[in-house]
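Structural overview
As a plain string of letters, each chain reads:
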Amino acid sequence: KQEVTQIPAALSVPEGENLVLNCSFTDSAIYNLQWFRQDPGKGLTSLLLIQSSQREQTSGRLNASLDKSSGRSTLYIAASQPGDSATYLCRLREGGADGLTFGKGTHLIIQP
Amino acid sequence: NAGVTQTPKFRILKIGQSMTLQCTQDMNHNYMYWYRQDPGMGLKLIYYSVGAGITDKGEVPNGYNVSRSTTEDFPLRLELAAPSQTSVYFCASRPPWEDTQYFGPGTRLTVL
């Protein structure tokens, strides 16, 4: 059974720092990996989707990488801002309509 | 488009009561999902549906029931509420050709 681990569980950094969030998984037979953002009291919003054949995806200040062989993905946030404060979850896609496994998330606080 | 809408936003139930959580999407998505999210945990799949008239169990279906009579609606029924069902419930949808799920804002349920 696929297991997804996100480290750290929580992170607090001053504004302006670059930071890296980690997502590791046990079974490398995945179709893709997606990073979501969840604001308090809200649903999940998609940030970046990396297909299994890709190494990375970029959107603005966000860069996500995928290394299937080592079972790892990272989300890099450049020049962090207080508005980046949220919980970040990674989600793996395997076979089947229900083949979606979420990590527990990293709770990120950016101090002004 | 309103996207995925969920009602109610909040609800307090007594043990043994029943209720239905409503979920509607106006994007004509075939796939719909119900998740629960407990504090500090990832999302656990309760039930999913790949189209009207078709539903299937996810990882944690006990204590819940679903129906899918139309493409738009996917209600989740709790028959005999228990304290263990205290959680935040999220509904999501996606088209079959896209892996990104679109999430509703969630329903926060407390069973006392």
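Along every chain, residues carry numbers that run from 1 in the direction the sequence is written. Here the convention is simple: chains get letters from A, ligands get numbers from 1, in the order in which they are written. Per-residue local features of the predicted model are confined to residues with pLDDT of at least 70, and side-chain atom pairs are confined, for both listing and counting, to 80 or more; whole-chain, interface and lining totals are unaffected and use all residues. Computation of side-chain values: all heavy atoms of the structure, hydrogens and water removed.

1. Considerations on the state of the cysteines
All names here are of chain A. Count a disulfide wherever a pair of cysteine sulfur atoms falls within 2.5 Å. One pass over the structure, following the stated rule, counts two disulfides over all chains. The disulfide that involves Cys23 links it to Cys90, with 2.0 Å between the sulfurs. Taking the sign of the torsion about the S-S bond as the criterion, the disulfide between Cys23 and Cys90, at about 70°, is right-handed. Here Cys23 is found in strand S3 (residues 19-25), whereas its partner Cys90 is found in strand S9 (residues 86-93), with 67 residues between them in sequence. Elements are defined by DSSP. Helices are runs of H or I of four residues or more, strands are runs of E of two residues or more, and each kind is numbered from the N terminus.

2. Observations regarding the sheet that holds S3 of chain A
All names here are of chain A. Strands are labelled as partners when DSSP assigns at least two bridges between them. In spatial order, the strands read S1-S3-S8-S7-S6; together these five strands make up an open sheet with antiparallel pairing. Among the strands making up the open sheet, the edge pair consists of strand S1 (4-7) and strand S6 (56-59). The sheet shows a mean angle of 15° between the axes of neighbouring strands, direction not considered. As paired strands, S3 and strand S8 (residues 72-77) are joined by six bridges and run antiparallel to one another. Along S8, the bridge assignment pairs Leu21 with Leu75. To define axes, lines are fitted to C-alpha atoms, for helices over the stretch in contact only, and angles between the resulting N-to-C directions are given on a 0 to 180 degree scale.

3. A closer look at the nonpolar core
Nonpolar cores were defined as sets of buried Ala, Val, Leu, Ile, Met, Phe, Trp, Tyr and Cys residues, with membership established by side-chain atoms within 4.5 Å. A 1.4 Å probe rolled over the protein chains alone gives each residue an accessible area, and that area as a share of the maximum for its type sets the label: buried under 20%, exposed over 50%, partly exposed in between. Grouped together as the largest cluster of nonpolar side chains are 22 residues, with contacts concentrated most on Leu33, Trp35 and Leu75 of chain A. Within the residue set of this core, elements represented by two or more residues are S3, strand S4 (32-38), strand S5 (44-51), strand S7 (62-67), S8, S9 and strand S11 (106-111) of chain A. In contact with Leu75 of chain A, not counting residues within four places along its chain, are Leu19, Val20, Leu21, Trp35, Leu47, Leu48, Leu62, Asn63, Ala64 and Tyr88 of chain A. Among the nonpolar cores identified, the runner-up in size contains 19 residues, and Val4, Leu13, Met32 and Val66 of chain B belong to it. Contacts are assigned to residue pairs that have any heavy atoms within 4.5 Å of one another.

4. So, the layout of surface pockets
A volume near 590 Å³ is recorded for the largest pocket. Grid spacing is 1 Å over the protein atoms alone, the probe is 1.4 Å, and a cavity is where that probe fits but cannot get out, while a pocket is an open set with protein on both sides within 12 Å along at least five of seven lines and lining residues have an atom within 4 Å of a point. Lining the largest pocket we find 27 residues, and of these Gln38 and Gly41 of chain A together with Gln37, Val88 and Arg108 of chain B sit closest to its centre. Of all elements in the fold, only S9 and S11 of chain A together with strand S9 (87-94) and strand S11 (107-111) of chain B reach the threshold of two or more residues within the lining of the largest pocket. It is S9 of chain B that contributes the most residues to the lining of the largest pocket, three residues altogether. Of the volumes computed, that of the second largest pocket is approximately 380 Å³. In terms of lining, the second largest pocket is formed by 20 residues, of which the most central are Lys1, Thr101 and Phe102 of chain A together with Lys44 and Glu59 of chain B. Note on residue classes: Ala, Val, Leu, Ile, Met, Phe, Trp, Tyr, Cys and Pro are nonpolar, Asp, Glu, Lys and Arg are charged, and everything else, Gly too, is polar. When grouped by side-chain class, the residues that make up the lining of the second largest pocket number seven nonpolar, five polar and eight charged. Grid points are joined across faces, edges and corners, and a volume is the space filled by probe spheres set on the points.

5. Side note on the interface of chain B and chain A
At the junction of the two partners, chain B supplies 20 residues and chain A supplies 20 residues. By buried area we mean how much accessible surface two parts lose on assembly, using a 1.4 Å probe and totalling the loss over both. In total, about 1,600 Å² of surface goes out of reach between chain B and chain A, with carbon and sulfur atoms giving 54% of it. Area buried by chain B at its contact with chain A is led by Leu43, Asp99 and Phe103 of chain B, which between them contribute 31% of it. By salt bridge we mean one thing: a side-chain nitrogen of Lys or Arg within 4 Å of a carboxyl oxygen of Asp or Glu. Remark: the boundary between chain B and chain A carries two salt bridges. Two residues, Arg93 of chain A and Asp99 of chain B, come together in a salt bridge whose shortest N-O distance is 2.7 Å.

6. Describing unusual backbone geometry
Pro8 of chain A follows Ile7 of chain A through a cis peptide bond whose omega is 0°. Within the element layout of this structure, Pro8 of chain A appears in the loop between S1 and strand S2 (10-14). With an omega of -5°, the peptide bond running from Thr7 of chain B to Pro8 of chain B counts as cis. One can find Pro8 of chain B in the loop between strand S1 (4-7) and strand S2 (10-13). Even without being a glycine, Ala79 of chain A presents a positive backbone phi close to 45°. Of note, Ala79 of chain A is situated in the loop between S8 and S9.

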